[in-house]
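Topology and contacts: notes
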Amino acid sequence: YIYGVRNPRNPAHGRRERAWLLTYAIASFAYRIFIGVVIVLYVANQLFFLGVLLAIGALCGWLVVPIGKMCKYLMTNPELGRVRARALLTTTGFFAATLLALGIIPAPDHSRAEGLVEPRHYTSVHAAVDGFVLRCLETETLVTDHGVPLVEASNFELETEQHQLQVKKQLFLSRYRKARTQEVATAQRITRQIIALEEQLHRINQQLSDLNLAAPQAGTFVAFDIEQSLGAFLKRGDPIGMVATLDDLVIRVVADQYLGPRIVPDIGAGQKVQIRVRRRPDLEFAGQIETV
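All figures in this text were calculated on a predicted structure; none of them were measured in a lab.

Basis of the calculations
- Residues numbered from 1 in each chain as written.
- Predicted model: local features only at pLDDT ≥ 70, side-chain atom pairs only at ≥ 80, totals over all residues.
- Heavy atoms only, no water.
- Helix = DSSP H or I, 4+ residues; strand = E, 2+ residues; numbered from the N terminus.
- Expected span 1.5 Å × (residues − 1).
- Bend = angle between axes of the 7 residues up to and from the residue.
- Buried < 20%, exposed > 50% of the residue type's maximum accessible area, 1.4 Å probe, protein only.
- Salt bridge = Lys/Arg side-chain N within 4 Å of Asp/Glu carboxyl O.
- Phe/Tyr/Trp six-rings, centres within 6.5 Å; stacked < 30°, edge-to-face > 60°.
- Pairing = 2+ DSSP bridges.
- Axes fitted to C-alpha atoms, helices over the stretch in contact; angles between N-to-C directions.

1. A word on helix α2 (residues 48–76)
In an α-helix, one turn spans 3.6 residues; hence positions three or four apart end up facing the same way. Relative to the 42 Å expected for 29 residues at 1.5 Å per residue, α2 spans 40 Å between its end C-alpha atoms, a close match to the ideal helical length. Along its length, α2 reaches its greatest deviation from straightness, about 35 degrees, at C60. Within the sequence span of α2, burial applies to G51, A58 and L74.

Given below as structure tokens:
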């Protein structure tokens, strides 16, 4: 129809046969490609060199041979005797338009990368001493000044040790008062023991004080797993949350090996980007790359 051939030869002898031949042509082509690709991949996985040879043969059979048959049809088939020039121009124009659309006309090229939204200025909060969480400030609570209590915890072992040291200190003090008038050497020895006890007691008191974490700066307190923190046992160094300024956020994006080489030459700093939120694809924000 495109070439304008008069009375073309139609292999079908009816509407049903015409529909069947059209369906068979498409289905058999897809089936042949599928079977060929599976065989090539299987053989290449077993014997790579033989798989490459099969791939070259398949490429010739699926691309080179059909193009050769098409060229032979255009040049020698008597069916195109009166419209050969139109057929050549139409075919050449079709392939030229295809190459133009694929390789020359610029088209949008979108790449996607996942990013992490984080505040530009924040301070992490970690457990300073082992303990059980008693109270924790609700997440996203505004902290007006540093020193505001964020987390209160307890440690029974430290409290017991503190009590034992206090009792022991009182005992040594009573011995010191009794010995300082009669046994000077004994009083000096007890004094050194009291000093050592006070150092231990100071260390224990500092650890008990560290159980109650204060805000390191003003901002918004963001707690990690606040529902699971209450009553939980935290080890020293476990992350609790952060105090951050949420009015100044930055999105950090890691470019993979496909996007990375294009970032600097093609999508450098200042380029516009689209920002979408996970699980909310309907929300779209405009932004631009700040630094690379």
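2. Points about the pattern of salt bridges
Evaluation of the coordinates by the stated rule reveals eight salt bridges. A salt bridge links E114 to R278; its shortest N-O distance comes to 3.1 Å. Separated by 164 residues along the polypeptide, E114 in the loop between α3 (84–104) and β1 (115–119) and R278 in the loop between β11 (272–277) and β12 (280–288) bring together distant segments of the chain. Residues R120 and E290 are paired through a salt bridge, measuring 3.4 Å at the closest nitrogen-oxygen approach. Of this pair, R120 sits in the loop between β1 and β2 (122–126) while E290 sits in the segment after β12; the two residues are 170 residues apart in sequence, bridging distant segments of the chain. On the accessibility criterion, R120 (34% relative accessible area) is partly exposed. Taken together, the shared-partner salt bridges in this structure form one network comprising R120, D248 and E290.

3. Quick word on the packing of aromatic side chains
Counted by the stated rule, this structure contains three aromatic pairs. Here the aromatic rings of W20 and Y24 are separated by 5.7 Å at their centres, their planes lie at 40 degrees, and the arrangement is tilted. Of this pair, W20 and Y24 both sit in helix α1 (residues 15–46), four residues apart, roughly one helical turn. What makes Y24 partly exposed here is its relative accessible area of 47%.

4. Here's the deal with the sheet that holds strand β9 (residues 239–244)
The pairing of strands in a sheet comes from backbone hydrogen bonds and takes either a parallel or an antiparallel form. If you walk across this open sheet you meet the four strands as β2-β9-β7-β4, and the pairing is antiparallel. Bordering the open sheet on either side are β2 and β4 (141–143), each of which pairs with just one other strand. On average, adjacent strands in this sheet sit at an angle of 30 degrees to one another, irrespective of strand direction. Where strand β7 (residues 219–223) lies against β9, four bridges are found, and the strand directions are antiparallel. Paired with A223 across the bridge in β9 is G241.

5. Let's talk about the sheet that holds strand β5 (residues 149–154)
Pairing in this open sheet of four strands is antiparallel, and the strands run β6-β5-β3-β8 from one edge to the other. Among the strands making up the open sheet, the edge pair consists of β6 (213–214) and β8 (233–234). Bridge analysis of strand β3 (residues 131–136) against β5 gives four bridges, and the strand direction is antiparallel. Paired with V133 across the two strands is A153, which belongs to β5.

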